[in-house]
Amino acid sequence: MNDTKDSNWNNRTKLVHGGTRRSQWGEVSEAIFLTQGFVYDSAEQAEARFIETGPDEFIYARYGNPTVAMFEERIAALEGAEDAFATASGMAAVNGALTSLLKAGDHVVSARALFGSCLYILENILTRFGVEVTFVDGTDLEQWRAAVRPDTKAVFFESMSNPTLEVIDVAAVAEIAHAVGATVVVDNVFSTPVFSDAIAQGADVVVYSATKHIDGQGRVLGGVILGTRDFIRGTVEPYMKHTGGSLSPFNAWTLLKGLETISLRVNAQAETALQIATALQGHPKLARTIYPGLADHAQNALVQRQLGGKGGTVLSLDLKGGKEAAFAFLNALTIPVISNNLGDAKSIATHPATTTHQRLPDDQKVALGITPGLVRFSVGLEDPEDLIADLTQALDACGG
Ligand SMILES: Cc1ncc(COP(=O)(O)O)c(C=O)c1O
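Owing to the predicted nature of the structure, the values given are computational and were not obtained by experimental measurement.

How each quantity is defined
- Residues numbered from 1 in each chain as written.
- Predicted model: local features only at pLDDT ≥ 70, side-chain atom pairs only at ≥ 80, totals over all residues.
- Heavy atoms only, no water.
- Helix = DSSP H or I, 4+ residues; strand = E, 2+ residues; numbered from the N terminus.
- Contact = heavy atoms within 4.5 Å.
- Near = heavy atom within 4 Å.
- Polar contact = N/O pair within 3.5 Å; in protein donor to acceptor, adjacent residues only side chain to side chain.
- Areas by Shrake-Rupley, 256 points an atom, 1.4 Å probe, with all protein chains shown as cover.
- Nonpolar A, V, L, I, M, F, W, Y, C, P; charged D, E, K, R; others polar.
- Pairing = 2+ DSSP bridges.
- Axes fitted to C-alpha atoms, helices over the stretch in contact; angles between N-to-C directions.
- Salt bridge = Lys/Arg side-chain N within 4 Å of Asp/Glu carboxyl O.
- Buried < 20%, exposed > 50% of the residue type's maximum accessible area, 1.4 Å probe, protein only.

## Some points on the environment of Val 375
And then number 1: Among the structural elements, Val 375 can be located in strand β12 (residues 374-378).
And then number 2: The spatial distance from the C-alpha of Val 375 to the C-alpha of Leu 319 is 7.7 Å, given a sequence separation of 56 residues.
And then number 3: Those residues within four positions of Val 375 in sequence are excluded, and the remaining contacts are Leu 315, Ser 316, Leu 317, Leu 319, Ala 326, Phe 329, Leu 330, Ala 349, Thr 350 and Pro 352.

Here's what the structure looks like:
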């Protein structure tokens, strides 16, 4: 039974109750249907279900599962999307959204500031199958206008880029893309499902790594593709169910529980991020403190319009002393962990140039602002004063 009673609920109510299906036992916490398959009452019923699978009917967990369906409905309700397909990871979502949509001969325009694996899909995989990709500076609308063509099938960008936190104007790029009939695919991880309203602003397809804020406690991998029912069921589902990138029911359950608390967590993390960025601005060891919520961020006006003024949960610090200072800073931190996830309850510090973006050639790193001194800092749920004290002592301790 699907217990979602009211689609007019506000977001925090949707995050707790959206998509709930209760079994005959009436459990309060959502059940984990840890099963790969489903039993049919008869051979006739099996045949009928393979011809057409109705709502609340399941065949095989690669195609769908009740716990996974609850997660899909809850996140779709939050995003204001008609439908969603849950995936095994964020990269399965990016790959599934693009590969299911594109064919040989299509043209794609993409922002060039991308997470390393997103860039790999656009630069190395799609091109192998005859898709042409043009990269632009995503913050420059003139470049988008110049790059789109009548054969442009899709545009792709991270609405807030990893790790330099450029913010891209979803509504303006969507208008340019829609003028040539292109589908707008947005990787919305850094903007978060809480602050962003990308579908209302013109995105056709939104993808998330659920590994980040949706889990928010560093436990599982997951992802999700959101869009119209036609796109999700007609284009994405056949691709995903036959290629195998579906979400496990256990991970879906973990992510459902993550959605219950995401709004509280992400709002607290963004408040702390602003406090840290404000406190560290102008520190003598820093060439730049990058945080979209700061008034001096190049796209702060857009952050006000597009994200309700919320700058997200990540900030990046560019240390004057380069790699040596960045490593000394990381090694001097006592509360944040050195790792490479983000959106976690634990603060996480990352050196993109030698880890997440290591694969990029040096000239591309320079073009994207991924300097040897850049440290990405994902703000956790610790006390803001403790974090500011720890970051400050680590900056004071490092050279440069
Ligand atoms: C912007 C962005 N997209 C996609 C991904 C991939 O997510 P996952 O690790 O869940 O595959 C990441 C991971 O860091 C990311 O930062």
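## Observations regarding the site of the ligand
And then number 1: Near the ligand there are 13 residues, and of these Gly 90, Asp 187, Ser 209, Thr 211 and Lys 212 occur at the shortest range.
And then number 2: Taking Thr 211, its side chain carries an N or O atom lying 2.6 Å from an oxygen atom of the ligand.
And then number 3: With the chains in place, 91% of the 390 Å² that the ligand exposes on its own is no longer accessible.
And then number 4: For the shell around the ligand, the class distribution of residues is 4 nonpolar, 6 polar and 3 charged.

## Examining the sheet that holds strand β6 (residues 205-209)
And then number 1: Pairing is mixed across the open sheet formed by 7 strands, whose spatial order is β1-β7-β6-β5-β4-β2-β3. With one partner strand each, in any of the chains shown, β1 (83-87) and β3 (132-136) form the two edges of the open sheet. Strand-to-strand, the axes of this sheet are offset by a mean angle of 20°, without reference to chain direction.
And then number 2: Of the pairings in the sheet, the one linking β1 to strand β7 (residues 223-227) comprises 5 bridges and is antiparallel in character. Looking across to β7, one finds that Thr 87 is bridged to Gly 223.
And then number 3: Helix α3 (residues 66-79) rests against β1, β6 and β7 of the sheet, and its axis sits at about 130° to β1.

## Overview of the pattern of salt bridges
And then number 1: This model, assessed by the stated rule, comprises 20 salt bridges.
And then number 2: The closest approach of N and O atoms between Glu 73 and Arg 21, which form a salt bridge, is 2.8 Å. Placement of Glu 73 in helix α3 and of Arg 21 in the loop between α1 (11-17) and α2 (43-51) is noted, with a sequence separation of 52 residues between them.
And then number 3: A relative accessible area of 10% places Arg 21 in the buried class.
And then number 4: In this structure, Arg 229 and Asp 83 form a salt bridge, with 3.2 Å as the shortest nitrogen-oxygen distance. Of this pair, Arg 229 sits in helix α9 (residues 229-243) while Asp 83 sits in strand β1; the two residues are 146 residues apart in sequence, bridging distant segments of the chain.
And then number 5: A relative accessible area of 13% places Asp 83 in the buried class.
And then number 6: Here the residues in one salt-bridge network are Glu 72, Asp 83, Arg 229, Arg 233, Glu 237 and Lys 241, joined through shared partners.

Read these as geometric descriptors, not functional statements.
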